[in-house]
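A look at the structure
Residue strings, one per chain:
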Amino acid sequence: MAPSTVLAGARVVLPTGIVTDGRVIVEGTRIAADSPADAEVIDVRGHWLVPGFVDVHNHGGGGASFSGTADEILTAIRTHRLHGTTTLVASTVTDDMDFLVKQAGLLSELAEQGDLAGIHFEGPFISPCRKGAHSEELLRDPDPEEVRRLIDAGRGRTRMVTLAAELPGGIDSVRLLAEHGVIAAVGHTDATYEQTVQAIDAGATVATHLFNAMPPLGHRSPGPVAALLADERVTVELINDGTHLHPAALELAFRHAGAGRVAFITDAMDAAGIGDGRYMLGPLEVEVSDGVARLVQGGSIAGSTLTLDRAFKRAVTVDRLPVPDVVAALSANPARLLGLADRVGSLEPGKDADLVLLDEDFEVKGVMRQGAWVVGPQLP
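Residues numbered from 1 in each chain as written. Predicted model: local features only at pLDDT ≥ 70, side-chain atom pairs only at ≥ 80, totals over all residues. Heavy atoms only, no water.

A closer look at helix H4 (residues 170-179)
Among all positions in H4, only Gly170, Ile171, Ser173, Val174, Leu176 and Leu177 are buried. Tucked into the core, H4 has its buried residues touching helix H3 (144-153), strand E11 (158-163), strand E12 (183-186) and helix H5 (193-202). (Buried < 20%, exposed > 50% of the residue type's maximum accessible area, 1.4 Å probe, protein only. Helix = DSSP H or I, 4+ residues; strand = E, 2+ residues; numbered from the N terminus. Contact = heavy atoms within 4.5 Å.)

Quick look at the packing of aromatic side chains
With the rule as written, the count across this model stands at four aromatic pairs. On the numbers, 5.9 Å between centres and 35° between planes, the contact of phenylalanine 53 with phenylalanine 312 is tilted. Linking phenylalanine 53 in strand E6 (residues 53-58) with phenylalanine 312 in helix H8 (residues 308-317), this pair joins segments that are 259 residues apart in sequence. Of the two residues, phenylalanine 53 and phenylalanine 312, both sit in the buried class. (Phe/Tyr/Trp six-rings, centres within 6.5 Å; stacked < 30°, edge-to-face > 60°.)

Focus on the pattern of salt bridges
What the rule picks out here adds up to 18 salt bridges. Taking the shortest distance from any N to any O, the salt bridge between aspartate 190 and arginine 130 comes out at 3.0 Å. You can see aspartate 190 sitting in the loop between E12 and H5 and its partner arginine 130 sitting in the loop between strand E10 (119-122) and H3, a full 60 residues away along the chain. Classification of aspartate 190 by relative accessible area gives partly exposed; the value is 31%. The closest approach of N and O atoms between lysine 351 and glutamate 348, which form a salt bridge, is 3.0 Å. The class of lysine 351 is buried, set by a relative accessible area of 11%. Overlapping salt bridges bring together Arg30, Arg343 and Asp352 as one network. (Salt bridge = Lys/Arg side-chain N within 4 Å of Asp/Glu carboxyl O.)

Re the side chain of aspartate 309
Relative to the elements of secondary structure, aspartate 309 occurs in helix H8. Arginine 310 is the oppositely charged side chain nearest to the buried, salt-bridge-free aspartate 309, at an N-O distance of 6.1 Å. With sequence-adjacent residues up to four places away left out, aspartate 309 is seen in contact with Phe53, His83 and Val364. (Lys, Arg positive; Asp, Glu negative; His and termini not counted.)

Examining the sheet that holds strand E18 (residues 292-295)
Spatial strand order, E16-E17-E18: three strands in an open sheet with antiparallel pairing. Two strands lie at the open edges of the sheet, namely strand E16 (277-281) and E18, each paired on one side alone. Strand-to-strand twist across the sheet, computed as the mean angle between neighbouring axes with direction ignored, equals 35°. (Pairing = 2+ DSSP bridges. Axes fitted to C-alpha atoms, helices over the stretch in contact; angles between N-to-C directions.)

Structure (structure tokens):
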């Protein structure tokens, strides 16, 4: 990469909208406002330039898991970078508390090195009624002392904890998380509407994969979905892979939450970027067939094989969502949720030069992270 590079001629998606025949100037690791006369100019006409994707809920990829070794974690990170995810939070699955504490130490080291944006603990403080692909015998109530143990284990890098706030200790744990600047996420929950409202009032600000692993929306018992969609303090995660959500459910979420409160996630497991076969998700065995991951025992959906470039393409071409709304859900909204909007999430001078180059069919043709090409650019 030259000291200063101009990517010229693309349709550039900015916070203010789409700029045709736009340009993005990269100087070192950051986006710049002006370019010197000797800057290298790369013609990217016929392409889209969008901010690097931000994934706040991801369990692995490339045949590797965030519950694995350092090398396996780096493999998963690299896999998702190839698909445009330049900022990634590592999600764990329910396991023994001692293991989670130990894994948090490893993940926090990689976060300190800049490879990860933090740690997300999905479980063990979730409802056995809505456990999904989590080991029931390892579930436990959200005792604030144990929640605090996970916060401390992350050494300042614990970003989010998913819990069922209706369980004993749930509301106190939500308050504890909020007090320590950690996102409390409502998920894998059997909560009523009223219990969910109580959790939000206590400080919960995220719906973990809305609609999935929670009671369905009912006209007499609206459950958590109605409460999470209605409250402007809540960001709702959506898995847009065509399996987890019917298109009408996706439309409902966008219509009621608005484009500013949706975060597309992958909830990816090891098979993302690899393909069908048998894998492990924590202590549970998973069969992936036709790109859909299910537990071998019981058949529950077990995360996804999604990458965020596929979520982008589906949102634009199948769901017919406006490109700026999709970019917000993939980049700006999750960046703001993580408190990183001053660095990533949009193409603005002074921010990290994290960007994705897409062709007219919304296929990835280049990925840049902090000014260095991870992929490409692959130009005609």
